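One-letter residues, chain by chain:
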Amino acid sequence: MKLIIDNIDIISMDEAGHFYRDGVIVIDGDTIEYAGAKSGLKADHPDAKRVDGHGMLALPGFVNTHTHVAMTIFRGYANDMALWDWLAEKIWPAEELLTGEDAYWATLLGAAEMIQAGVTTFADMYMFMTQTARAVEDCGIRAVLARGLSGPDGSTDERHREVEELRTWRTRAQGRITTMIGPHSIYTCSRDYLKVCKGMAEKHGVGIHIHLSETEQEVRDCIREHGCTPVRLLMELGLFDLPVLAAHCVHLNDEDIEILAESGVRVSHNPSSNLKLSSGFAPVTRLLERGICVAFGTDGAASNNNLSVWKEMTLASLIAKGQSGDPAALPAKTALRMATAMGAKALSLDKVTGSLEKGKKADIILIDTNKPHYFPKGDREVNLVYSGYSQDVDTVIVNGRILMAGRELTTIDMDRVHYEVDKIVSRILG
Ligand SMILES: [Zn+2]
């Protein structure tokens, strides 16, 4: 079955940065067959289903490179606290009461929020990951899942069983699920255990997703305990031999940045969470200048408190300018690339998604630009980053399937999700 999006302006995010005015996108099953000018389209496809894209702008879907999606349960629960107090006093005790079924409904809530914000792929690290996988299968979004690991402690074996079970999901959900190994951080994992995690990643042929250098305290404690920074520690343990997705990277010295660049580590920048937990400002401009792949993450809804990559994109660009005193820092074009193509690269999915071009999976969002804040229609990328909102996303397609049309979700029963989530919250949080 073919799907054609007609009369559509296209920001392709391909290498050359093509923009097509009044173009066309042809989707064959789950794959983009053509995206470009109407004049370049060879066949007519009279039997295809058609979507009129007039007044819309097509983009590759946003990529959320770091979240804990089931933490939507804890949205609004604990606020105005520093990371360590927030985790130890509030989040970890509440998480003790979570069940797998809770995680399923909480994931659907987070997936609904992400789809409505134009996110078509997310990278997650949390508990009950097979339940998250089940929700991903049901709602149609794309995900890179990692069972959060810390240790060693008494529950390590059970978690490793979950890691093995999660691996079986890579052949399900029409190939929309890939996996990573997710050691939580250097302050919740011992040196030996980090090496165990590396071994698991090698065995599974996947990369590593880890929180890194998020707070000043993490760096200070690491230097006291291990005699080096968290970045140097991971390098010395050999973790950077594998593809590594490092979330936060707020507190880095010059040598750290050099190590990250030389090792090809991908950085997930989470400005809302870093601001809200008062963790600091990541040196994004310097990382980009050094050629490091930096993409956006929202972190969990308990520390953001949204799952909108668009919000992170706008915020990151403004912070970079304000912090550096350079208004040219993190321009709109770069921010939009970080939210899409570089997001896909950060998750090793750049052959699959992140741009609108022939052969990529059809992960496409249509933005309704027929709104006052998009006029006059000058530079589309500037308007998106500095004027646009997540709520402007009208249609979302993942793997060729329409997950939202006219802002109506097609795969998630929101009344049921709200009902289940309310029930869970009153059980856990009272
Ligand atoms: Zn996180």
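Residues numbered from 1 in each chain as written. Predicted model: local features only at pLDDT ≥ 70, side-chain atom pairs only at ≥ 80, totals over all residues.

## Structural notes on the overall build of the chain
The test is simple: Under the DSSP-based scheme used, a helix requires at least four consecutive residues in state H or I and a strand at least two consecutive residues in state E, with every element numbered from the N terminus. In this description the radius of gyration comes from C-alpha coordinates, and the expected globular size is given by 2.2 Å times residues to the power 0.38.
What the chain contains, in helices and strands, is 15 helices and 18 strands. Taken over C-alpha atoms, the radius of gyration comes to 21 Å for the chain, in line with the 22 Å a tight globule of 430 residues would show. In terms of overall dimensions, the chain has C-alpha extents of about 65 × 50 × 40 Å along its principal axes.

## Some remarks on the environment of Glu137
The following threshold applies: Backbone-placed C-beta atoms define the burial measure: a residue is buried with 20 or more other C-beta atoms within 10 Å of its own, exposed with 12 or fewer, and partly exposed in between. For every residue pair, C-beta atoms are placed from the backbone, and the pair is scored as a contact if these atoms sit within 7 Å.
Within the secondary structure, Glu137 sits in helix α3 (residues 129–139). The exposure class assigned to Glu137 is partly exposed, which follows from the 16 C-beta atoms found within 10 Å. C-alpha of Glu137 to C-alpha of Gly175: the two residues are 38 residues apart in sequence and 9.5 Å apart in space. Each residue touching Glu137, except ones within four places of it in the same chain, is listed here: Arg172 and Ala173.

## Topic: helix α14 (residues 380–387)
Three or more residues of α14 are buried, namely Arg380, Asn383, Leu384 and Val385. Buried positions along α14 lie against β1 (2–11), β5 (56–60), α11 (309–324) and α12 (332–339).

## A word on the nonpolar core
Nonpolar side chains tend to gather and get buried jointly when the protein is soluble and globular. Threshold: Note on terminology: a nonpolar core is any set of buried Ala, Val, Leu, Ile, Met, Phe, Trp, Tyr and Cys residues joined through C-beta atoms within 7 Å. Domain start and end points were adopted from an automatic or database domain assignment.
Within the largest apolar cluster, 132 residues are counted, with the highest numbers of intra-cluster contacts made by Ile25, Ala58, Leu108, Ala111 and Ile141. When residues of this core are assigned to domains, at least three map to each of domain 1 (2–60 + 361–409) and domain 2 (62–346). Those residues in contact with Leu108 that lie beyond four places of it in its chain are Ala135, Cys139, Ile412 and Val417.

## Some details on the environment of Cys228
In this fold, Cys228 is placed in the loop between α6 (216–226) and α7 (230–236). Sequence-distant contacts of Cys228, that is, excluding residues within four places in its chain, are made with Ile223 and Leu233.

## Some words on the domain arrangement of the chain
For interface size, the figure often reported is the accessible area lost on association. To keep things clear, this is the line we draw: Following the grouping adopted for this structure description, the nonpolar residues are Ala, Val, Leu, Ile, Met, Phe, Trp, Tyr, Cys and Pro, the charged ones are Asp, Glu, Lys and Arg, and the polar ones are all others, Gly among them.
In terms of domain boundaries, the chain breaks down into domain 1 (2–60 + 361–409) and domain 2 (62–346). When each unit is reduced to the centre of its C-alpha atoms, the spacing between domain 1 and domain 2 is 29 Å. Of all the elements in the fold, those that place two or more residues in the side of domain 1 that touches domain 2 are β5, α14, β16 (393–398) and β17 (401–405). It is α14 that provides the largest number of residues to the side of domain 1 that touches domain 2, a total of five residues. Residues of the side of domain 1 that touches domain 2, tallied by class, amount to 15 nonpolar, three polar and five charged.

## Describing unusual backbone geometry
The step from Asn304 to Asn305 runs through a cis peptide bond, and the omega angle for that step is 10°. Checked against the element boundaries, Asn305 lands in the loop between β14 (294–296) and α11. In this chain, Phe375 is followed by Pro376 through a cis amide linkage whose omega measures -5°. Relative to the elements of secondary structure, Pro376 occurs in the loop between β15 (364–368) and α14.

## A look at helix α2 (residues 100–116)
Here is the rule we go by: Take the number of residues in a helix, subtract one, and multiply by 1.5 Å to get its expected span.
The end-to-end C-alpha distance of α2, which contains 17 residues, comes to 24 Å, matching closely the 24 Å that a straight helix rising 1.5 Å per residue would cover. Most of α2 is tucked away: 14 of the 17 residues are buried. Remark: Gly118 follows α2 within two positions and exhibits a positive phi of approximately 85°.

## Thoughts on the pairing of strand β12 (residues 244–248)
To keep it simple, the criterion reads: Any two strands are treated as partners once DSSP identifies two or more bridges connecting them. When the strands point away from the viewer, a crossover counts as right-handed if the route from the first strand across the helix to the second turns clockwise.
The buried fraction of β12 is high, at five of five residues. Both strand β11 (residues 208–212) and β12 contribute to a ladder of five bridges, which runs parallel. By the bridge assignment, Ile210 is partnered in β12 with Ala246. The pairing of β12 with strand β13 (residues 266–269) spans three bridges and is classified as parallel. Residue pairing in the sheet places Ala246 in a bridge with Val267 of β13. Where the polypeptide runs from β12 across helix α8 (residues 254–263) and back to β13, its parallel neighbour, the crossover connection is right-handed.

## Side note on the packing of α3 against helix α4 (residues 156–167)
To keep things clear, this is the line we draw: The convention used is that axes are lines fitted to C-alpha atoms, helices contributing only their stretch in contact, and that angles between N-to-C directions extend from 0 to 180 degrees. Small angles under 35 degrees read as roughly parallel and large ones over 145 as roughly antiparallel, with 65 to 115 read as roughly perpendicular and the rest as oblique.
The contact between α3 and α4 brings their axes to 9 Å, and the two run at 20°. The angle between the axes of α3 and α4 places the two elements in the roughly parallel class. In this structure, α3 uses Met129, Thr130 and Ala133 to contact α4, whose residues at the interface are Glu162, Glu165 and Leu166. Among the residues forming the contact of α3 with α4, the class breakdown is three nonpolar, one polar and two charged.

## A closer look at the sheet that holds β13
Adjacent strands of a sheet pair through backbone hydrogen bonds, lying either parallel or antiparallel. Reading across the sheet, the four strands line up as β11-β12-β13-β14 and stay open at both edges, with parallel pairing between neighbours. On the outer flanks of this sheet lie β11 and β14, each paired with one strand and no other. Here the average twist between neighbouring strands, direction ignored, is 30°.

## Points about the pairing of β5
With five of its five residues buried, β5 lies for the most part within the structure. Neither face of β5 is left uncovered, since the one carrying Met56, Ala58 and Pro60 and the one carrying Leu57 and Leu59 both have all their residues buried. In this structure, β1 lies alongside β5, joined through two bridges in parallel fashion. Note on β5: the bridge partner recorded for Ile10 is Ala58. Note that β5 and β15 share five bridges and pair antiparallel. Note on β15: the bridge partner recorded for Ala58 is Leu366.

## Some words on the packing of α12 against α14
Running from N to C, α12 and α14 cross one another at 75°; their axes reach a closest spacing of 8 Å. The pairing of α12 with α14 is recorded here as roughly perpendicular in orientation. Counting all contacts with α12, which are made through Ala332, Lys333, Ala335 and Leu336, the residues of α14 involved are Glu381, Val382, Leu384, Val385 and Tyr386. Looking at the contact of α12 with α14, its residues break down into seven nonpolar, no polar and two charged.

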